[in-house]
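Examining the three-dimensional arrangement
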Protein chains: 2
Amino acid sequence: MTDIKTLALQCRDAATAIASLPTQAKNALLRAMADALLADEAVILAANARDIEAAAAKGIGSAMLDRLRLDTARVQGIAAAVREVAELPDPVGQVTRAYDRPNGIHVERVRVPLGVIAMIYEARPNVTADAAALCLKAGNAVILRGGSEAIHSNTAIAAALKRALRDAGLPEAVLTLVEDLRRETILELIQLSDIIDLVIPRGGEGLIRFVAEHARVPVIKHYKGVCHQYVDAGADEDLALALLVDGKVSRPSACNALETLLVHRDIAPSFLPKAAAALRMRGVDLRVDEAGRAWIPDAAAATEEDFAAEFLDLVLAIGVVDDLDAAIAHIRRHTSDHTEVIVTRDPAHADAFVHALRSAVVMVNASSRFSDGGELGLGAEIGISTTRLHSYGPMGLEALTVERFVVRGEGQVRHPGLLGVSEGEK
Amino acid sequence: MTDIKTLALQCRDAATAIASLPTQAKNALLRAMADALLADEAVILAANARDIEAAAAKGIGSAMLDRLRLDTARVQGIAAAVREVAELPDPVGQVTRAYDRPNGIHVERVRVPLGVIAMIYEARPNVTADAAALCLKAGNAVILRGGSEAIHSNTAIAAALKRALRDAGLPEAVLTLVEDLRRETILELIQLSDIIDLVIPRGGEGLIRFVAEHARVPVIKHYKGVCHQYVDAGADEDLALALLVDGKVSRPSACNALETLLVHRDIAPSFLPKAAAALRMRGVDLRVDEAGRAWIPDAAAATEEDFAAEFLDLVLAIGVVDDLDAAIAHIRRHTSDHTEVIVTRDPAHADAFVHALRSAVVMVNASSRFSDGGELGLGAEIGISTTRLHSYGPMGLEALTVERFVVRGEGQVRHPGLLGVSEGEK
């Protein structure tokens, strides 16, 4: 098996080919990749069946099995997602600003690819195609290291994608799937700081902490989403209830699901009983602080840990606060910098909430579940960053590029006196 | 002495105070800091004299002593630089994009401070005030760890700046100077990933590599500037010569100084003798490849190391290339991703050069020495990044912020069907 450094060097050497590819050629490549995935459906499903069998033999839980499992519809979905990336605008070459300096030089800020991106992820095989499509569209070479449970599925998907690369005359190493699944190999990979420009870990907190602690390559990560919704005094209670149910129930396993509800004490008497009824009807287990239990008397007492927890399940921590400032103080103490929501009729309170909190996404009277690249108009999403650097919040194609400077002059120099007149003249 | 983690926690707790300060208050603070520096001139110069004495006793070289030395003019210069930062536009709160989604939610991308920035730097005491001014103006708290040679100067400068913070009713910990100069303390500092958002090392390659290798906090760095100038066939030779002399001679110790000249073989016979004469007249030592020595016969032979070197001195490596592609290939092999220059009359060649190279700054017919925050219109510069993430090239105030999402709705939810009609109605 080729060692990881050699693979990474081959990927970096190939990066130039994708970085300089025109938009139309990249789009054609992605469409060919989508076609190849459809053409290989049988092979991919057979490979997936081997993964499922091995996972079932290992006694892996049904939620995990479901994430791993592919069928015709899911393969079609993966291909469709790749095709959608082809339709997105190309960030590479975009001029974000252009201006002249007093000395006449013309300065442009222009987006360029990052170079080589390593994705380290867990069970879902669709990430293999999604991440490849997004990285390649943004002109980057990509190293993919998926979970061991999905190795056959990932290999079959990568084989289809690589065939499209070959057919387009591009080096296969532009898309490198790491088949050596030892943890030491990840360790070596994330220390190749002269080769890899960015590592994006996606998965459980254990994986992300492992990568963050050992990487010498820049890492963009999100540990968890402890998303808060604060219901202000005088808020529209129906609206607050709709946002609460959507935020908690529509997909509890998502990182943008609500984990904590904070309620102003003036609205607690009328709102909390309704909220508790609506949530419990949908199977939500409530953990409520002392003040809140005055209005939800039969609820379990919330601990400090409950207010720090990302339940990822039908569980909600509920607290009553004295005022907006107390809500802000609570959120500051427990925020994971992901997404916070305020429900209010008072524009000044909305502004104060937005201003006081520096989470990646702050919502006023809208569901936390909109904290998503697709929902926020990025077209697609490679992850959600809670790292307050480079990209903060949902990351789309643009986040896989960086702005550099292109300067055009007519011979301007910084110290015009340096060259003697006799030399300067013809 | 308070341990570094406690100091860093105090700084982080204070960060909220500066993050939410209105622009006018931040500007007033910076002007008061400039005044405090001027008022403390005698104290600062006395402290500096102690540093100079200790450095001289240690036998430190004259170039280093000059970087360390302050006088009235330099203190005034430091104060003036702080005052200039007050005049710059405030990036915090800038709305970079705003749009509505089909469901009616309004999305804004808004700049927020990064949080807590640690600067680790070497001899120049002016960095203490410069870095503090830039970080604070962008709403960040800052931890400063300067070189041991400048400890008395840095302490005196920080004392003046902190007086202005106190007078403005702000927590002093917003600006934290680390006085514990052990290397283990740097090590501990750069691993405080839950407290510090960014580390910027500025200094020699040894310091930067040390920080990059041990940090668990994101690092933005530049190792070195191996800047190239390529003179194309048919280029205006006088223009090429003016850029060459400016790039190599105007400040050889700067990272944006030229280190390598590449010349198309067709223009070498006429250009190289002129270039060699002009450079040698200014004391530049030339290291020339075999093809080039046909036209500069008495020059030393360039080694492969010469073409990788950042001389930071009056030394230049010179090579002759067959064509534009060969120049690009040479630069790709040796680039430090800092700054590259093409001198050409051919717009297609200029575009090909810009397109093929992904260095942070690419110049067409302009001096490499414009690769500087002030010269490129950023107002001031906290460093030059060769990390292809977050900020690439000269970094101004904007690079000390990040864009986040602010969303305003009227109760939009992602799954409108979830809440029953009977519950949703009043």
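Keep in mind the model is a prediction, meaning the values are calculated, not measured.

1. Looking at the relation of the copies chain A and chain B
- Mapping chain A onto chain B calls for a screw motion: a turn of 180° about the axis and a shift of 0.0 Å along it, with 0.0 Å RMSD after fitting. Given the turn and translation reported, the copies of this chain are related as if by a two-fold rotation axis. Judged by C-alpha distance, A:His390 is the residue of chain A that lies nearest the rotation axis, at 1.8 Å.
- Of all interface residues in chain A, 100% are interface residues in chain B too; the two copies therefore contact each other through one and the same surface.

2. Some points on the pairing of strand S12 (residues 339-343) of chain B
All names here are of chain B.
- Burial analysis of S12 places five of its five residues in the buried class, the great majority of the element.
- Where burial is concerned, the two faces of S12 agree: the one with Thr339, Val341 and Val343 and the one with Glu340 and Ile342 are both buried.
- Across four bridges, the pairing between strand S7 (residues 227-231) and S12 is parallel. Bridging across to S12, Tyr230 finds its partner in Ile342.
- Two strands pair when backbone bridges link them, and S12 and strand S13 (residues 361-366) are joined in this way by four bridges, in the parallel orientation.

3. Observations regarding the domain arrangement of chain A
Residue and element names in this part refer to chain A.
- For chain A, the assigned domains are domain 1 (4-220 + 390-406) and domain 2 (227-370).
- Measuring from the centre of the C-alpha atoms in domain 1 to the corresponding centre in domain 2 gives 35 Å.
- Facing four residues of domain 1, the contacting portion of domain 2 comprises six residues.
- Carbon and sulfur atoms supply 53% of the area that domain 1 and domain 2 bury against each other, a total of about 310 Å² over both sides.
- Looking at the side of domain 1 that touches domain 2 residue by residue, the classes come out as two nonpolar, one polar and one charged.

4. Examining the packing of helix H3 (residues 41-57) of chain B against helix H7 (residues 151-167) of chain B
All names here are of chain B.
- Interaxial distance between H3 and H7 falls to 7 Å at its minimum, and their mutual angle equals 165°. If you check the angle between H3 and H7, you find them roughly antiparallel. Of the two possible hands of crossing, H3 and H7 adopt the one that is right-handed. Residues Val43, Ile44, Ala47, Asn48, Arg50 and Asp51 of H3 form the contact with H7, whose own contacting residues are Ile151, His152, Ser153, Ala156 and Ile157.
- Taken together, the residues of the contact of H3 with H7 sort by class into six nonpolar, three polar and two charged.

5. Section: the sheet that holds strand S10 (residues 300-301) of chain B
- Read across the open sheet, the 10 strands follow the order S1(A)-S2(A)-S16(A)-S13(B)-S12(B)-S7(B)-S8(B)-S11(B)-S9(B)-S10(B); overall the sheet is mixed. One side of each edge strand has no neighbouring strand; the edge strands of this open sheet are strand S1 (95-100) of chain A together with S10 of chain B.
- Pairing of strand S9 (residues 285-288) of chain B with strand S11 (residues 315-321) of chain B, which is carried by four bridges, proceeds in the parallel orientation. Within S11(B), the position partnered with B:Asp285 by the bridge is B:Val315.
- Sheet strands in contact with helix H10 (residues 237-249) of chain B are strand S16 (401-412) of chain A together with S7, strand S8 (258-264), S11, S12 and S13 of chain B, and its direction is about 160° off that of S8(B).

6. Concerning empty space enclosed by the protein
- Inspection of every chain in the model, using the stated rule, returns two cavities of 30 Å³ or more.
- Approximately 180 Å³ is the volume attributed to the largest cavity.
- Around the largest cavity, the lining is made up of 14 residues, and of these A:Val217, A:Pro218, A:Val219, B:Val217 and B:Pro218 lie nearest the centre.
- Each pocket or cavity is described by its volume, and for the second largest cavity that value is around 70 Å³.
- The wall of the second largest cavity is formed by A:Pro218, A:Val219, A:Ile220, A:Thr387, A:Leu389, B:Pro218, B:Val219, B:Ile220, B:Thr387 and B:Leu389.

7. What to know about the interface of chain A and chain B
- Counting from both sides, the interface comprises 90 residues of chain A and, opposite them, 90 residues of chain B.
- Of the roughly 7,400 Å² buried between chain A and chain B on both sides combined, carbon and sulfur atoms contribute 53%.
- For the interface between chain A and chain B, the tally reads eight salt bridges.
- Its salt-bridge partner being B:Arg388, residue A:Asp197 comes within 3.4 Å of it at the nearest N-O pair.
- On the surface where chain A and chain B come into contact, there are 51 residue pairs in polar contact (both at pLDDT 80 or more).
- No other element matches the 11 residues that S16(A) contributes to the side of chain A that touches chain B.
- Of the residues in the side of chain A that touches chain B, the class split is 41 nonpolar, 22 polar and 27 charged.
- Two elements, strand S13 (residues 361-366) of chain A and strand S16 (residues 401-412) of chain B, share five bridges in a ladder whose sense is parallel. The residue bridging A:Val364 from the neighbouring strand is B:Arg408, located in S16(B).

Basis of the calculations
Residues numbered from 1 in each chain as written. Chains lettered and ligands numbered in written order. Predicted model: local features only at pLDDT ≥ 70, side-chain atom pairs only at ≥ 80, totals over all residues. Heavy atoms only, no water. Least-squares fit on C-alpha atoms with pLDDT ≥ 70 in both. Contact = heavy atoms within 4.5 Å. Buried < 20%, exposed > 50% of the residue type's maximum accessible area, 1.4 Å probe, protein only. Helix = DSSP H or I, 4+ residues; strand = E, 2+ residues; numbered from the N terminus. Pairing = 2+ DSSP bridges. Domains from an automatic or database assignment. Buried area = accessible area lost by both parts, 1.4 Å probe. Nonpolar A, V, L, I, M, F, W, Y, C, P; charged D, E, K, R; others polar. Axes fitted to C-alpha atoms, helices over the stretch in contact; angles between N-to-C directions. Parallel < 35°, antiparallel > 145°, perpendicular 65-115°, else oblique. Left-handed = near helix turned anticlockwise from the far one by under 90°. 1 Å grid on protein atoms, 1.4 Å probe; cavity = no way out; pocket = protein on both sides within 12 Å on 5 of 7 lines; lining within 4 Å. Points joined across faces, edges and corners; volume = space filled by probe spheres on them. Salt bridge = Lys/Arg side-chain N within 4 Å of Asp/Glu carboxyl O. Polar contact = N/O pair within 3.5 Å; in protein donor to acceptor, adjacent residues only side chain to side chain.

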